[in-house]
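Each chain, written out:
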Amino acid sequence: MKLVRWRTSDGTTKVGVHEDEYLVELPFSTMAEVLQHKVADIRRAVEEAVSSGRRVGSAAAELLAPVDGRTEVWGAGVTYQLSRSARAEESGFEEIYHHVYEADRPELFFKSAAWRVLTDGDPGGLRPDCDDSVCEPELALVLNRHAEIVGALVCNDLTARGIEAVNPIYLPQAKLFPGGCVLSTAIAPWWSIDTPEDLLITMAVYRGPELVFSGETRTSAMRRQYGELVQWLFRGEQFPDGVVLSTGTGIVPPLGEGLRPGDRVIVTIDQVGTLSNVMTDDRDMF
Ligand code: DO4
Ligand code: MG
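Residues numbered from 1 in each chain as written. Chains lettered and ligands numbered in written order. Predicted model: local features only at pLDDT ≥ 70, side-chain atom pairs only at ≥ 80, totals over all residues. Heavy atoms only, no water.

Asker: Even after reading the chapter, I still don't get the pattern of salt bridges, so can you show me in this structure?
Answerer: Side chains that carry opposite charge are capable of pairing whenever their charged atoms lie near each other. Inspection of the entire model under this criterion finds 17 salt bridges. Of the charged contacts, one joins Arg-87 and Glu-90 as a salt bridge, the two residues approaching to 3.6 Å between their closest N and O atoms. Of this pair, Arg-87 and Glu-90 both sit in helix α3 (residues 81-91), three residues apart, which is roughly one turn of that helix. Glu-90 gets classed as buried once you look at its relative accessible area, which sits at 12%. Within the structure, one salt-bridge network assembled from shared partners comprises Arg-87, Glu-90, Lys-111, Glu-136, Asp-157 and Lys-175. (Salt bridge = Lys/Arg side-chain N within 4 Å of Asp/Glu carboxyl O. Helix = DSSP H or I, 4+ residues; strand = E, 2+ residues; numbered from the N terminus. Buried < 20%, exposed > 50% of the residue type's maximum accessible area, 1.4 Å probe, protein only.)

Asker: I tried to follow the site of ligand 1 on my own but got confused; where do I start?
Answerer: Among the 16 residues in the neighbourhood of ligand 1, the closest are listed as Val-78, Ser-83, Glu-136, Lys-175 and Thr-249. Within the side chain of Glu-107, an N or O atom sits 3.0 Å from an oxygen atom of ligand 1. Here an oxygen atom of ligand 1 and a side-chain polar atom of Glu-136 are 2.9 Å apart. Compared with its free state, where it exposes 280 Å², ligand 1 has 99% of that area covered by protein. If you map ligand 1 onto the pockets, it falls in the largest cavity. (Near = heavy atom within 4 Å. Polar contact = N/O pair within 3.5 Å; in protein donor to acceptor, adjacent residues only side chain to side chain. Areas by Shrake-Rupley, 256 points an atom, 1.4 Å probe, with all protein chains shown as cover. 1 Å grid on protein atoms, 1.4 Å probe; cavity = no way out; pocket = protein on both sides within 12 Å on 5 of 7 lines; lining within 4 Å. Sits in = over half its atoms within 2 Å of the grid points.)

Asker: How should the layout of surface pockets be read in this particular structure?
Answerer: Take a probe with the size of a water molecule and roll it over the atoms, and the empty space left behind shows itself. For the largest pocket, the calculated volume is near 220 Å³. At four residues, the largest contribution of residues to the lining of the largest pocket is made by strand β7 (residues 107-113). (Points joined across faces, edges and corners; volume = space filled by probe spheres on them.)

Asker: Whenever I open this one, the nonpolar core confuses me. Can you help?
Answerer: Burial of nonpolar side chains together is a common tendency in soluble globular proteins. Formed by 40 residues in total, the largest nonpolar core has its most connected members in Leu-139, Leu-141, Leu-143, Leu-233, Leu-259, Val-265 and Val-272. For this core, the element with the highest residue contribution is helix α7 (residues 226-235), accounting for five residues. Aside from chain neighbours lying at most four places away, what touches Leu-233 is Trp-74, Leu-108, Leu-143, Phe-239, Val-243 and Leu-245. Among the nonpolar cores identified, the runner-up in size contains 28 residues, and Val-39, Ile-42, Val-142 and Ile-187 belong to it. (Core = buried A, V, L, I, M, F, W, Y, C linked by side-chain atoms within 4.5 Å. Contact = heavy atoms within 4.5 Å.)

Asker: Looking at this model, I keep getting lost on helix α4 (residues 94-102). Mind explaining?
Answerer: Residues spaced three or four apart along an α-helix point in a common direction, a consequence of the helix completing one turn every 3.6 residues. Restricting attention to buried positions, one finds in α4 the residues Tyr-97, Val-100 and Tyr-101. Mapping the buried residues of α4 onto a view down its axis gives an arc of 105°, with all of them on the same face. Facing away from the buried side of α4, by more than 90 degrees, are the exposed residues Glu-95 and His-99. Where α4 is buried, its residues meet α3, β7 and α5 (161-166). (Arc of directions from axis to C-beta.)

Asker: What is the right way to read empty space enclosed by the protein from this model?
Answerer: This model, assessed by the stated rule, comprises one cavity of 30 Å³ or more. Looking at the largest cavity, its volume works out to about 90 Å³. Along the walls of the largest cavity sit 16 residues, with Gly-77, Val-78, Arg-87, Glu-107 and Lys-175 positioned nearest its centre. Of all the elements in the fold, those that place two or more residues in the lining of the largest cavity are β6 (72-77), α3, β7 and α6 (171-175). Partitioned by chemical class, the residues of the lining of the largest cavity number five nonpolar, four polar and seven charged. (Nonpolar A, V, L, I, M, F, W, Y, C, P; charged D, E, K, R; others polar.)

And the structure:
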């Protein structure tokens, strides 16, 4: 059972629960409104909706990206040892990445507004002015305005790593661009996930029929606790419609083996979901 947004055949957008081939509407008009509530209230609304039996078939519904309104997407960086060593290797700025990996304060950055977020089956974006871009498969936390974890998503934090490698101060240009933020369609409620601190994350990149890269990690390899990242994010910020916090990547393709237009990237996180997107550097696609 997952939380989703969908568009009906008459063009109305709804928010509800997706279970098997059924949808059940929730008493909220947007996902932003859901994220204004405490987890206990959201859970109660979900349980009441499911037990009401007011199910509709999902076949005619168009599932949408999971966020709307003023909900933002933020990223955490250098939270896995592999991310730290890869950034140091690609840029030569070893000390900066070493320091942020060890420091109390994590690296946190704005990634996307809700209206720019793409989802499963959409194209994924590559910057046309960067010839070394990578996919970053990450577990993303869905947080309400009260800094509680409501659920989880798969995030592909697409990154123009060739730009960041020239100078880490170019980070916003390496992270924010059309098609650069892809989230899975359905929010897995946090209360439904067993051992969220040890989930398997896998990624595969296909060029035509050929598998050109694959990798895996586990969330247990992350240096920081989820609660620690959440606490730092809310320390100096407010999110009236909640926020999605992507927790960083533990899978990094080797230098020089970046994505090309036409590559299909598939990311899966146990119990959370799957993302499959074909990459493009054509900005008219977004
Ligand atoms: O320092 C750059 C960002 C790193 C990042 O996005 C990650 O580690 O996932
Ligand atoms: Mg990342």
